[in-house]
Each structure stands twice: as structure tokens, then as C-alpha cells.
Amino acid sequence: MVNSNTVQVLPLDTDATPRELYERLASRHDTALLESARLMPGLGAWSYVTGPALGMLETQGGRTTLRRCDGVGGGATSGTSAAILREWDDPFLALEQVLAAMRAPAAAGLPAFTGGLAGWLGYDLVRSIERLPARVPADPGLPEMRLLVADHVFAHEHGTRRWWLCTRELPWGEAASRRGVWAHSRARAAGAAAPQQKAGFRAGELVSRTPPARYLQDVARVVEYIHAGDVFQVNLSHRLEAAFAGDPWALYCALAEANPAPFAAYIESEAGTLASFSPERFLRLEGSRVSARPIKGTRARATDPQEDARARDLLAASEKDRAENLMIVDLMRNDLGRVAQPGSVRVDELWKIEAHPSVWQMVSTLGAELREGVDAAGLLRACWPPGSMTGAPKVRAMQIIEELEPVRRGPYAGSIGWFDAAGGMDLSVVIRTVLLAGDRLMLQLGGGVVADSRPEEELAESLDKGRFLMRALGSTGSMVRNK
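Residues numbered from 1 in each chain as written. Predicted model: local features only at pLDDT ≥ 70, side-chain atom pairs only at ≥ 80, totals over all residues. Heavy atoms only, no water.

(A) Structural detail: unusual backbone geometry. In the segment running from Trp384 into Pro385, the intervening peptide bond is cis, with an omega of -10°. Of note, Pro385 is situated in the loop between helix H8 (376–383) and strand E22 (391–392). For the bond from Ala392 to Pro393, the omega torsion is -10°, close enough to zero to count as cis. Inspection of the secondary structure assignment puts Pro393 in the loop between E22 and helix H9 (394–404). Unlike most non-glycine residues, Arg161 shows phi in positive territory, near 60°. (Helix = DSSP H or I, 4+ residues; strand = E, 2+ residues; numbered from the N terminus.)

What follows is the structure, encoded as C-alpha cells:
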């Protein structure tokens, strides 16, 4: 057992997998699964399951609210129906002040995430930072940010296969009642799972809101902007949609088996559910140390070993992909430089070729030391949204995205992850992610367009990134407009 001020860490005797333990809690709308379903060097050492939330920090329509949730899970508690504790106009100020209110000293020997905030932040939070045109609708109208206030977290260390229950006394809970919630969660997590009939799902054919001719025209238009000197790169995307029926959790489990990822996540709410299989880290903060791993450059994997090696070598030698990757590295160096100690921003690894189940990716790694007085919220504000999902220069690229894409991005191109009460943070980039809302399934795909991009190749590359999801859904990914 470890105690550090308001945090307690106790071993949990169970051989459950992270998905099995999530199922045992029998609570969805107020819990989250952050699963490292694929272990990679330096990535994926821990998975986390948050217990029924104490509260919810949520942004919608330019208004950020902190609400309290006092239930014990099982779907009975919703952040949208609980009492409002505080409101803000600025979501990043809200994040800063909520993190400050729960701040506790860091302690050695603990899991990185022992309680704090967990959930997702949408791309369109940028509208609280930059003045962007509002030309397209938000569909579906999800919150721009939805973070659970997690005062108890189940942490799974993959190397040892050990579980820990981490509990924190946070400012907005009544201690005695919350200890009862923790005990209830612990009993569920450690107990044998009740036999359940496996739920299923059905997904229709994926079709795009941007027909192929239009997408090719949009890529060509971005190239024109580049040649005119407006931008160097734009990350252009399109959304595929399908009819959906059944259990979102069943879909997540099927897709996780098909494509394990170091930053997988499942977050369910009344408004919409995210099933994410991201390979990309946006930002990690440990003490004052910052790391980022932008991905730019993709080649589809092949089943034949020789063809697969050839695809890897072509990506490694591609001047176009190297230039595309380097532009984003430079953009992120600039973003980090706003809040880093002078001279501390560095490139630790450039143009590494990384193997994933369906694609080869070109990845670079950056590091920096935060200036004194800058916290996770300040770091996030300086770097938002992820540069690998905008282009460069960032603001002009986002203006072009708003001009060409037919719908706002919502959670896509934002982040999923956690903010620890002791000050740490780990966020992925929302790519390779399925959004479920009502009877619709949505999958957004894209890629960086640069001066020598060829429209047909950009379209093919975007579809390659979602191919594993399409196969698991039984869809080919048709490129025709939704009716």
C-alpha cells in the first residue's frame, strides 16, 4: 500500500484484462477505458479504467461547466443531469483552475495516473484560442470537451500483469460517501464476472460525405494554396458514415482485436461514443519534461514479406514524406517554444519508421522542459490543436480546412487521455477512431497535403489508414455521397 497526502494505492487481486475489468464495473456513461492494447518500446506500459466519476468537466456552445456526479455507476449517473458547481467562458482556464483545485504533490513509485481528469477534447476547442470562420455545421452536436473527474482509477501494469486501485480525495466529493463508491467499485472489479450473453452489432456500408471527385478537387485546391504561398501543408480529411445498430462496446472489442493500438480508448456517453485505436501520442508531461511523437507519412502493409519490406523502404526513402514530417516537427517545435525553457526544445528522433498492424508510419519524437509556472493546461493551450492534424502555418491551414471540409471535426483531430492530479498528462491524437451517435457510425480519415501531392495518391493513403476498421466492420468504404 502507498499513501501520499490524499492518494492511496492498493493492490487488487484479479487476473482480469483491462476490457474484462471495465465490463465488471457495469458502468459506462461515467467511466472510461484507456487501454494500451499494443505494447511498443516506450509506449503502452499501463492501461487505466476509471471508476464511476465524481464529476464532469464539459464544454458545449462556448460554455464550460463543472458538474458533480454522486452515483455509484451502473449507468445511473450522468454529468449532464447533475448539479453545476462552476461555469467558465474559456475551457482552457476551466481546465487550469480545476487542475489547480485538485493539485497534490507527486510521489515516487506510483502509476503515472492515479486520479484527476480523463476523457476527450475536441478539435473545435481551438475556437476559444483563434478566430476562425464558422462556415460548416457541427454534426453531431457533441460537447467540445468531456472530461470525467476521476477520484478512483484502476491501473494495470502490463509488464507484471498487476492491478492497483488508486483513490484520491478530490475537493468536490463528500469523503464518506465517496469511500462507499470506491468500495463498491473495488468489489465489482475483484469479483468474478457474471456470465453475460455477448452482445453484437451491425454496421452498414461506409459512404463518404465527400464524393471522390470533390475530394480530388479539394486536394488540388490545397496544392494551389501552397503554390500561392498561403501555406506549406494542410491536413485534409473526409468523413465516412454508416448505419449502426447494436452495442458500441461489442464494436470496440471487435476492432481492438483487429487492430491493437498503444493509445486505444473507449469512452461512452448519452451524446456519443468514441472507440479509438490511435497510434499517435500528442503530448506527455512528466514533472517538467514534455514529449511529443507526431506521425506524418504512411504506407499500407502487405501480406507478402518482400512487398511489405519494399513498402517500408519506400516510405523511409520518400523525400515527400520526410518533408511533410519535418514541417510538422518544426511547427511543434514552435508551439513548444512558447512555454518551454529557452534552448530546451529538441528533436530526439527524426523519421523513424514504425510498424503497425495495417500500415507503416513515419514518426518523429520531440522533447522539451517546461518553464517554471507553466502547467498542463498552459502547455495544452500553446500547442492546441495537434499540429499533425492541421498543417503549417497552423492558423491559415485551419482556415482552409474550414473552407473545404463539409462538417466540423468534433472529437476527430483532438485528443483522448488523462490529466493526473499531481500535474502529469498523457494525450493521444484522435485518429483511427470510430464515433457512434444515435444510429450512425462515423470514421474520419485524412492526410497531409504538400506541394507535390497527387490527389489520387492522397485519397488512397487516407483510405489505407482506415482499411483495418473497414475490414472489421465488413465494409469496403465506398466513396459516394451520403443520401
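There's more to say after this.
(B) Summary view of the side chain of Lys296. Structurally, Lys296 is set in strand E19 (residues 295–300). Residues in contact with Lys296, not counting those within four places in the same chain, are Gln233, Asn235, Asp321, Glu324, Asn325, Ile328, Met362, Ser388, Gly447 and Gly448. (Contact = heavy atoms within 4.5 Å.)

(C) Focus on the confidence of the model for the protein chain. Per-residue confidence for the protein chain averages 90 on the pLDDT scale, and 92% of its residues sit at or above 70. The model gives residues 74–80 a pLDDT under 50, and that stretch makes 18 contacts with residues more than four places away or in other chains. (pLDDT = per-residue confidence, 0-100.)

(D) A look at the packing of helix H2 (residues 91–102) against H8. It is the contact of H2 with H8, at a shortest axis distance of 8 Å, that shows an interaxial angle of 160°. Accordingly, the angle class assigned to the pair H2 and H8 is roughly antiparallel. In this structure, the crossing between H2 and H8 has a hand that is right-handed. Residue-level contacts link Phe92, Leu93, Leu95, Glu96 and Leu99 of H2 to Ala376, Ala377, Leu380 and Arg381 of H8. (Axes fitted to C-alpha atoms, helices over the stretch in contact; angles between N-to-C directions. Parallel < 35°, antiparallel > 145°, perpendicular 65-115°, else oblique. Left-handed = near helix turned anticlockwise from the far one by under 90°.)

(E) Expanded view of helix H1 (residues 18–25). Where burial is concerned, most of H1 is hidden: 6 out of the 8 residues are buried. Residues Pro18, Arg19, Leu21, Tyr22, Arg24 and Leu25 constitute the buried set of H1. A positive backbone phi angle near 50° is found at Ala26, which sits one or two residues after H1. (Buried < 20%, exposed > 50% of the residue type's maximum accessible area, 1.4 Å probe, protein only.)

(F) Representation of the side chain of Ser36 within the structure. Residue position: Ser36 is located in the loop between strand E3 (32–35) and strand E4 (46–50). Assessed through its relative accessible area of 8%, Ser36 is described here as buried. Separated by 3.2 Å, the side chain of Ser36 and the backbone oxygen of Pro262 make a polar contact. Those residues in contact with Ser36, other than ones at most four positions away along the chain, are Gly44, Trp46, Ser47, His158, Ala261 and Pro262. (Polar contact = N/O pair within 3.5 Å; in protein donor to acceptor, adjacent residues only side chain to side chain.)

(G) Region of interest: the packing of aromatic side chains. This model, assessed by the stated rule, comprises 12 aromatic pairs. Plain terms: the ring middles of Tyr252 and Tyr266 are 5.4 Å apart, the flat faces sit at 55° to each other, and that makes the pair tilted. Taken together, the positions of Tyr252 in helix H5 (residues 248–258) and Tyr266 in strand E15 (residues 263–268) put the pair 14 residues apart, joining distant regions of the chain. Judged by relative accessible area, Tyr252 falls into the buried class, the value being 0%. Among the residues examined, Tyr266 registers a relative accessible area of 0% and is labelled buried. With a centroid separation of 5.9 Å and an interplanar angle of 65°, the aromatic rings of Phe282 and Trp384 are classed as edge-to-face. Here Phe282 is found in strand E17 (residues 281–286), whereas its partner Trp384 is found in the loop between H8 and E22, with 102 residues between them in sequence. (Phe/Tyr/Trp six-rings, centres within 6.5 Å; stacked < 30°, edge-to-face > 60°.)

(H) Molecular detail of the environment of His356. Within the secondary structure layout, His356 lies in the loop between strand E20 (346–355) and strand E21 (359–369). Sequence separation between His356 and Asn259 is 97 residues; the distance between their C-alpha atoms is 8.4 Å.

(I) Broad picture of the nonpolar core. Core analysis: the biggest nonpolar cluster contains 105 residues, and Leu283 and Phe419 have the highest contact counts within it. Apart from residues lying up to four places away in sequence, Leu283 is in contact with Val290, Ser291, Ala292, Met332, Leu336, Leu379, Leu380, Cys383, Met425, Asp426 and Leu427. In this structure, Val9, Leu142, Ala150 and Val430 belong to the second largest nonpolar core, which totals 27 residues. (Core = buried A, V, L, I, M, F, W, Y, C linked by side-chain atoms within 4.5 Å.)

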